[in-house]
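Commentary on secondary and tertiary structure
If you want the building blocks of each chain, they are given just below.
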Amino acid sequence: MAHHDFSYYQRSPPWSIWRRPCFNPLSPAFVDKNMDFLLAPFRYEFFSRAILVGMMAGLLCGIMGVYITTRRMSYIAHGLSHAILGGAVLSYVLGLNFYIGSGIWGFAAALLIQYLTGRKIYSDAAIGIVTTASFALGVAVISSYRKFSQNFEAALFGNVLGVSPNDLWVVTGVTIVLLSLVFLFYRPLLFWCFDREVAQVHGVPVFAMDTLFALMLATLLVATLNVLGVTLIISAVVIPASIARLVSDRFAYLMIISGILGTAISFIGIYFSYYLNIASGASVVLLSTAIFACVLLTRNLQGRYKRRLPPLSTKHLP
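Thresholds, definitions, all that
Residues numbered from 1 in each chain as written. Predicted model: local features only at pLDDT ≥ 70, side-chain atom pairs only at ≥ 80, totals over all residues. Heavy atoms only, no water. Helix = DSSP H or I, 4+ residues; strand = E, 2+ residues; numbered from the N terminus. Buried < 20%, exposed > 50% of the residue type's maximum accessible area, 1.4 Å probe, protein only. Contact = heavy atoms within 4.5 Å. Phe/Tyr/Trp six-rings, centres within 6.5 Å; stacked < 30°, edge-to-face > 60°. 1 Å grid on protein atoms, 1.4 Å probe; cavity = no way out; pocket = protein on both sides within 12 Å on 5 of 7 lines; lining within 4 Å. Points joined across faces, edges and corners; volume = space filled by probe spheres on them. Nonpolar A, V, L, I, M, F, W, Y, C, P; charged D, E, K, R; others polar. Expected span 1.5 Å × (residues − 1). Axes fitted to C-alpha atoms, helices over the stretch in contact; angles between N-to-C directions. Parallel < 35°, antiparallel > 145°, perpendicular 65-115°, else oblique. Left-handed = near helix turned anticlockwise from the far one by under 90°. pLDDT = per-residue confidence, 0-100. Core = buried A, V, L, I, M, F, W, Y, C linked by side-chain atoms within 4.5 Å.

Let's talk about the side chain of Thr-263
For Thr-263, the location among the structural elements is in helix H12 (residues 251-276). On the accessibility criterion, Thr-263 (18% relative accessible area) is buried. In this structure Thr-263 touches Met-55, Gly-58 and Leu-59, once residues within four positions along its chain are discounted.

Laid out in structure tokens, this is it:
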């Protein structure tokens, strides 16, 4: 039987055991090893591009989502994303640039929805007619051209890791343009967003704001279609704005919070998709949904706690 020497512990006080050589999490070797692990995704150029594009797309979707949720236009955003798929398919078949073909188709669909809405057709019906017809056209063309299957999957579910340098420049330009428009037309869009009749009384051109925002929304969807795809892009527009609405009631704060949330969620979601080996778009959507559920649960618990507080007694007050 092996003999163990316990004389060290008998001679020394109990806390002296921590003076012995042990594992040091701040040692240079440990720090370098973990930094290499954490920064491993950024060694790939395509992943760095994906992070940048995803963050800009999250920022835009977060800010625009505040207008969309306040105006209750989630359906038009969802429908317009499906309508743009028809333009994406036709641009592929005709050999046109994706952004040019999808942009023209998206602008035409947005303007056609506005036109039909002004012709005594309810907005949801106009959206349903235009978007389903455009989506059906895209599916019909896909069924004829079998070579489109891989690109069709990317258009449906997104492929942020496959963005090219050209996509990065396009998203950067769209981000600058849309943020500039939001800054320049902040007050007219604010009036238009809450009450069209009051806005019209105060001299806001309501129809022009309808057209402007529809074109801005189409531009946003075209630029970010490759990031999340048709099926998931509406979540990036709606969920950050919904989270911000649970936190604040002031419109300016809503835009700031939603924009920051969209940017952070896109970064974290794409980053962790590298280690979890799942689709980046799905990772972003699941993360945003989890955050929304946590914030909603916290707000509900806070509301129940406030309702259970006993009323303040006044008998001891002077």
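Some thoughts on the environment of Tyr-271
Looking at the element boundaries, Tyr-271 is found in helix H12. Residue class for Tyr-271 comes out buried when judged on its relative accessible area of 12%. As for Tyr-271 and Ile-51, which are separated by 220 residues in sequence, their C-alpha atoms are 7.5 Å apart. Excluding its chain neighbours within four sequence positions, the residues that come into contact with Tyr-271 are Leu-38, Pro-41, Phe-42, Phe-47 and Ile-51.

Side note on the packing of aromatic side chains
As enumerated under the stated definition, the model contains 12 aromatic pairs in all. Between Phe-267 and Tyr-271, the aromatic rings sit 6.1 Å apart at their centres with planes inclined by 10°, giving stacked as the arrangement. Of this pair, Phe-267 and Tyr-271 are both found in helix H12, four residues apart, which corresponds to roughly one turn of the helix. When its relative accessible area of 31% is taken as the criterion, Phe-267 is described as partly exposed.

Considering empty space enclosed by the protein
Scanning the entire structure with this criterion turns up two cavities of 30 Å³ or more. By volume, the largest cavity is sized at about 80 Å³. For the largest cavity, the lining is made up of 14 residues, of which Ala-57, Val-227, Leu-228, Ala-236 and Ser-266 are closest to its centre. Elements that contribute at least two residues to the lining of the largest cavity include exactly helix H3 (45-70), helix H11 (206-247), H12 and helix H13 (280-308). Classifying every residue of the lining of the largest cavity by side-chain character gives eight nonpolar, six polar and no charged. In this model, the second largest cavity occupies a volume close to 70 Å³. Along its surface, the second largest cavity is lined by Gly-58, Leu-228, Ser-235, Ala-236, Pro-240, Gly-262, Ile-265, Ser-266, Val-284, Val-285 and Ser-288. Looking at the lining of the second largest cavity, the elements with two or more residues in it are H11, H12 and H13.

Regarding helix H6 (residues 123-144)
The end-to-end C-alpha separation of H6 is 32 Å, in line with the 32 Å expected for 22 residues at 1.5 Å each. Along H6, the residues that are buried comprise Ala-126, Ile-127, Gly-128, Val-130, Thr-131, Ser-134, Gly-138, Val-141 and Ile-142.

Some details on the packing of helix H4 (residues 74-93) against helix H5 (residues 98-117)
Where H4 meets H5, the closest approach of the two axes is 8 Å, and the angle between their N-to-C directions is 135°. Considering their axes alone, H4 and H5 lie oblique with respect to each other. Relative to H5, the crossing made by H4 is right-handed. Every residue of H5 that contacts H4 at Ile-76, Leu-80, Ala-83, Ile-84, Gly-86, Gly-87, Ala-88, Leu-90 and Ser-91 is listed here: Phe-98, Gly-101, Ser-102, Trp-105, Gly-106, Ala-109, Ala-110 and Ile-113. When grouped by side-chain class, the residues that make up the contact of H4 with H5 number 11 nonpolar, six polar and no charged.

Quick look at the confidence of the model for the protein chain
Looking at the protein chain, the pLDDT average stands at 78 and 80% of residues meet or exceed 70. Taken together, the stretch residues 14-18 has pLDDT below 50 and engages in two contacts with residues farther than four places along the chain or on a different chain. Throughout residues 312-318 the model reports pLDDT below 50, and contacts reaching past four residues in sequence, or to other chains, amount to zero contacts.

A word on the nonpolar core
In this structure, Tyr-67, Leu-80, Trp-192 and Leu-217 are the most contacted members of the largest nonpolar core, which totals 71 residues. Here this core takes 22 residues from H11, the largest share from any one element. Among residues more than four places away in sequence, those in contact with Leu-217 are Met-64, Ile-68, Ile-76, Ala-77 and Leu-80.

A closer look at the environment of Phe-267
Note: C-alpha distance between Phe-267 and Val-284 (17 residues apart in sequence) is 8.3 Å. Beyond its immediate sequence surroundings of up to four residues, Phe-267 is in contact with Phe-42, Ile-51 and Met-55.

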